[in-house]
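Structural overview for review
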There are 4 protein chains.
Amino acid sequence: MNASRSSPQTGTRTASGGVVPPVVTPLTEDREFDVPSFERLIGRLLAAGVDGVFVLGSTGEAAFCTDELRVRVIEEAVRVTAGRVPVLAGVIDTQTDRVLRQLEAAQEAGADGVVATAPFYAVTHAPQIRRHFETIGERADVPVYAYDIPLCVHTKLDPGMLVELGLSGALAGVKDSSGDDVAFRRLALHNRAEGGPLTLFTGHEVVVDGAYLAGADGVVPGLANVDPDGYVRMHAAFRDGDWAAVRREQDRLAALFEITRVAGSVTGWGAGVGSFKTALMLQGVIAHNQLPEPFGALDGDDVEAVKAVLGTAGLLPPLPPPPLPSR
Amino acid sequence: MNASRSSPQTGTRTASGGVVPPVVTPLTEDREFDVPSFERLIGRLLAAGVDGVFVLGSTGEAAFCTDELRVRVIEEAVRVTAGRVPVLAGVIDTQTDRVLRQLEAAQEAGADGVVATAPFYAVTHAPQIRRHFETIGERADVPVYAYDIPLCVHTKLDPGMLVELGLSGALAGVKDSSGDDVAFRRLALHNRAEGGPLTLFTGHEVVVDGAYLAGADGVVPGLANVDPDGYVRMHAAFRDGDWAAVRREQDRLAALFEITRVAGSVTGWGAGVGSFKTALMLQGVIAHNQLPEPFGALDGDDVEAVKAVLGTAGLLPPLPPPPLPSR
Amino acid sequence: MNASRSSPQTGTRTASGGVVPPVVTPLTEDREFDVPSFERLIGRLLAAGVDGVFVLGSTGEAAFCTDELRVRVIEEAVRVTAGRVPVLAGVIDTQTDRVLRQLEAAQEAGADGVVATAPFYAVTHAPQIRRHFETIGERADVPVYAYDIPLCVHTKLDPGMLVELGLSGALAGVKDSSGDDVAFRRLALHNRAEGGPLTLFTGHEVVVDGAYLAGADGVVPGLANVDPDGYVRMHAAFRDGDWAAVRREQDRLAALFEITRVAGSVTGWGAGVGSFKTALMLQGVIAHNQLPEPFGALDGDDVEAVKAVLGTAGLLPPLPPPPLPSR
Amino acid sequence: MNASRSSPQTGTRTASGGVVPPVVTPLTEDREFDVPSFERLIGRLLAAGVDGVFVLGSTGEAAFCTDELRVRVIEEAVRVTAGRVPVLAGVIDTQTDRVLRQLEAAQEAGADGVVATAPFYAVTHAPQIRRHFETIGERADVPVYAYDIPLCVHTKLDPGMLVELGLSGALAGVKDSSGDDVAFRRLALHNRAEGGPLTLFTGHEVVVDGAYLAGADGVVPGLANVDPDGYVRMHAAFRDGDWAAVRREQDRLAALFEITRVAGSVTGWGAGVGSFKTALMLQGVIAHNQLPEPFGALDGDDVEAVKAVLGTAGLLPPLPPPPLPSR
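Rules used throughout
- Residues numbered from 1 in each chain as written.
- Chains lettered and ligands numbered in written order.
- Predicted model: local features only at pLDDT ≥ 70, side-chain atom pairs only at ≥ 80, totals over all residues.
- Heavy atoms only, no water.
- Buried < 20%, exposed > 50% of the residue type's maximum accessible area, 1.4 Å probe, protein only.
- Helix = DSSP H or I, 4+ residues; strand = E, 2+ residues; numbered from the N terminus.
- Pairing = 2+ DSSP bridges.
- Contact = heavy atoms within 4.5 Å.
- Buried area = accessible area lost by both parts, 1.4 Å probe.
- Salt bridge = Lys/Arg side-chain N within 4 Å of Asp/Glu carboxyl O.
- UniProt positions renumbered as here; feature names shortened; annotations may be inferred.

Some details on the pairing of strand 4 (residues 113-117) of chain A
All names here are of chain A. With 5 of 5 residues buried, strand 4 lies mostly within the body of the structure. Side chains of strand 4 alternate between two faces, with G113, V115 and T117 and V114 and A116 buried alike. Pairing of strand 3 (residues 87-90) with strand 4, which is carried by 3 bridges, proceeds in the parallel orientation. In the sheet register, G90 faces strand 4, and the bridge partner there is V115.

Brief notes about the interface of chain B and chain A
Contact with chain B, which involves 44 residues of that partner, is made by 44 residues of chain A. Summing the contributions of chain B and of chain A, the shared interface buries around 3700 Å²; its carbon and sulfur component is 56%. The largest per-residue losses of area from chain B upon contact with chain A belong to R98, Y121 and P294 of chain B, which jointly make up 23% of the total buried on that side. Between chain B and chain A we count 8 salt bridges in total. The salt bridge partner of E68 of chain B is R101 of chain A, with a shortest N-O separation of 2.6 Å.

Points about the side chain of T199 of chain B
Residue and element names in this part refer to chain B. Along the chain, the position of T199 falls in strand 7 (residues 199-202). You can call T199 buried: its relative accessible area is 14%. Residues contacting T199, with those up to four places away along its chain left out, are A15, S16, G17, A172, G173, V174 and D217.

Focus: the arrangement of the chains
With respect to C-alpha atoms, chain A approaches chain C no nearer than 18 Å, and the pair has no contact. Separated in space, chain B and chain D share no contact, their closest pair of C-alpha atoms being 18 Å apart.

Some details on the UniProt feature "binding site: pyruvate" (unreviewed entry) in chain A
All names here are of chain A. If you check UniProt for "binding site: pyruvate" (unreviewed entry), the listed places come out as T59 and V220 in our numbering. Spatially, the listed residues are clustered: although they cover 162 residues, their C-alpha atoms lie within 10.3 Å of one another. With respect to the secondary-structure elements, T59 resides in the loop between strand 2 (53-55) and helix 3 (67-81). For T59, a relative accessible area of 15% puts it in the buried group. When residues no more than four places from it in sequence are discounted, the contact partners of T59 are P22, V23, V24, G222, N225, W269, V273 and F276. Assignment of secondary structure puts V220 in the loop between strand 8 (218-219) and helix 10 (228-240). Overall, the relative accessible area of 5% leaves V220 in the buried class. Once residues within four sequence positions are removed from consideration, V220 is found in contact with V20, P21, P22, F54, K175, F201, T202 and G203.

What follows is the structure, encoded as structure tokens:
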């Protein structure tokens, strides 16, 4: 990142931990971007006390949005958050030059930070992956977070490389969605040994407690679209060192996460984001649970199944008051 | 595909088999698109008698080119070929809506056909993959070819689905780079049993003879950038039923393909396309063997190693006259 | 292999190409080894003119048979073949010392050659895989064939290593079930360039024609349990250079191979071997189509589906006379 | 498991949690089983206060030991432990009937429980995997633990199936070496919701703290061969609810685990177990760090590298007194 990184405009809105939900992108039934729903959703997240929002992640439909839509999503997120929390934006694309274009567009649209994956589609190895992040880091005017998501890009980021890129200033942090808790421990240990150049987020919403023990600074939980209060409470308990409360909240959220497994008619990406959107529709936060092509909205029994899990969790309107502090 | 598919403008330039090289995208040392080199390369392919050209495939750097560059590559290919052979263009992008944008741009730039992969990055399964191709087929004004390339998209296309999409008119053909010869045989058998709705190309340049036996109509060989004459001769021998000649030519080309394995400093995509570009530079066809970020050009010992293989194959200038017909 | 390799006892029964079916291991309904059925099956293969038999391969249930049963299977195969063709035996086990025990037992039971995979279960890499085969080769008194089957052992054997092990005398040949026709071409080219130290078999019954073009000396087709005559005819056509006949026979056999895909109630290993055994039962060759634990025999609609494919192929009794030579 | 499961002989030695190291199998330089070293090693583990020992796991060289050696290893472990803690034995083999033979042998040799993986080598799916464990459970006279180790068997065990097998009595517990902490959380939640039929062990020595939070009852840490005291202390802190101490100990042990990554000459299984054996040799516990074929012992710089990590951790003789309790 170049010198303007610490400029007043952006320096005050760095994502340095806490709860940063990967916000879903609501669509109308006709698959148009549903701005009022997006506004309500972000408003609710801010009310819950999240520490930032992350748009255009895997959950945020980056892979489905045209470039024009990506810009609109960022612009609306920036407008709605109005500087209260940082807005991170995914700059997901196949290889370096295409990512740089996404970076330019994201910065112009006002993103406070960007999140980039390893190169994908064409096969690359360690030297290219390093160079890819170095190049992005050099060209960025905002903090860059590495997005470790082998499920999507079929490459695991090396913990040693990540810490070196943190020390060199190319990376500000990591969002770990690798599903590899052993590697995450190594990353956290290396990072701490080197003075903590990286802010570490876990993307796995059902094992955040373990990630906190390992050294995570924050979490980017897709499920926080549905229950932001739970993640904010869990993070507060973590800061207080109240591990019993952390664990209790995590167990509750892990049970809620079953919404992503109850749909019978869809699998893969559509089962996860489809259930988040369905839950948000049932909660009255967004207007429709439509998904982008080539997926379709959950309906019929699948909606009922999501509703049942939400009901059990007490997350259907009228919503209950938040629980009292546990101590 | 809609009604204009059989319009006079495009109907005469359908790729219905033969040799259709996936053309590399030459760059200057500064990584600008090198149009004069591109022109010489296409000219040479046409002189060899290829049946079409395929730009913006995996070999053609689709994953590395910005959208602007993609359009320029197609426009130049259309200009240089001047209607003598069809120009197929890759419309490589992650999910349906993004591919549709690539499709619009490719058509506007004059492509005679487009080549689309399964969705990638976000995980999809059979129903979404089918719908993806159906949607592309409905929206396209030119023939659509399915690009089966699990190495890049991590999904194998089902032979039964492909034939059904051929029968429905969504697909005109398949470029098979799956590396799964058993599945290709099934595809060819199914296709023949249904009257051959699909034109079948293999993308594996070293086993084209077996693919012809199995039922391929043509080949999309990256190595044809380096030795187009060999592939044209092999296809002619195939049409003549001269299997001994087919096999002899294939063995020779398979030996030449070792250029993709001799580089010591690079692996993955860069080893393959890097060696093709290096060979073309050594042959005087393109000016520089530069690769896009995050790769660098082959140099030093790697260039010498490519040169040695080329020399053994008699493919360094001054090039020998083409061999006499073998019978 | 030590000096006794060329001893009169074994030297005359080396598998040097042709059709070598991986014989299924018939079971009674109670899952006892059904020797009379095994005898009929081998008798039929010999009558068809196969060049060897391969017991205890993946098709032959090696992974399911106890050590005691493995010995019995080899002994019966040796007894029934009575020296007319070589008997190859799989020595499938996880790591070197366990394979050496299988080797000793197989030799003692009279096997004319053994077939060994790369190590599996514990993760090994190139140096260990090479040493594994070297050790087996040193200890064997009969020819050793490398079994390249990544589907089962999750390691692909390197063509260069295989040829070196052929040159050193450790390996007599390769059974390629890798599904990687590109690598098989490389293997065949390297092998030929080094004087052909290895006898090359393909294990993929539906693309044998392409493998012959690439350089295969023979085939180990599971489907030959069901139609040995077809594979023997195809090999004869290959020796005669009659590629049109090779291809015709291969297309017919590839259509027959659909028996492995029609079962609705079982997947994986059980679908393949289950359909072979079912076809053999329907043809009256073996008494029952039972499978070893944890699989069960195909029944009901699955048997009918196999029957339908067999009937279409004219392979249900009373069987038709063999076709006249095609030229 | 049949009725004798709760017999007095075995019922008192059920592994119901705590620290159960997967004991390495020491070899002499000539690759003979080194019983005196094995005795010293087990003695040391018992002195540290472990809750059981697990022989013939992946770490214990099950895949490398002949059947005869497997029996000897179990017999010696039973003799040395003399009933003080339960002895679990791996019954690792490819498919059901072969595992049943291993089960019989293990029981006869005196094992208090057995640990079985999913079937491997031949491809199986959910119905066969379930039947496999059911059959083993029916035939066993001792508790059966499922070993979830996709790295070796290339199948992930389904949490729902495991809990059902626990409820039916087929399984007593699970050793989770899947590397999938998200699935482990689901397993733990399901298990708790069903009354906890399964005892849950994690096999990942560097993230045990997170596993405890998720619901693990114990740990099977390869690294406990080298530092049993650390794992026993961590488990005690877990029982006391002292999460800060758990985490501190885990971070220390995770740093020590780097011994498995410092060898430059070997990868895969040999790097892990090779480093454990080397550390034990340097500590004077076992006589030699030999590995089974096709691996060789670590030597030269690799031994020095292991020594350096051990020294930093204060784990070289003369060993320091154990640290005082941290609170």
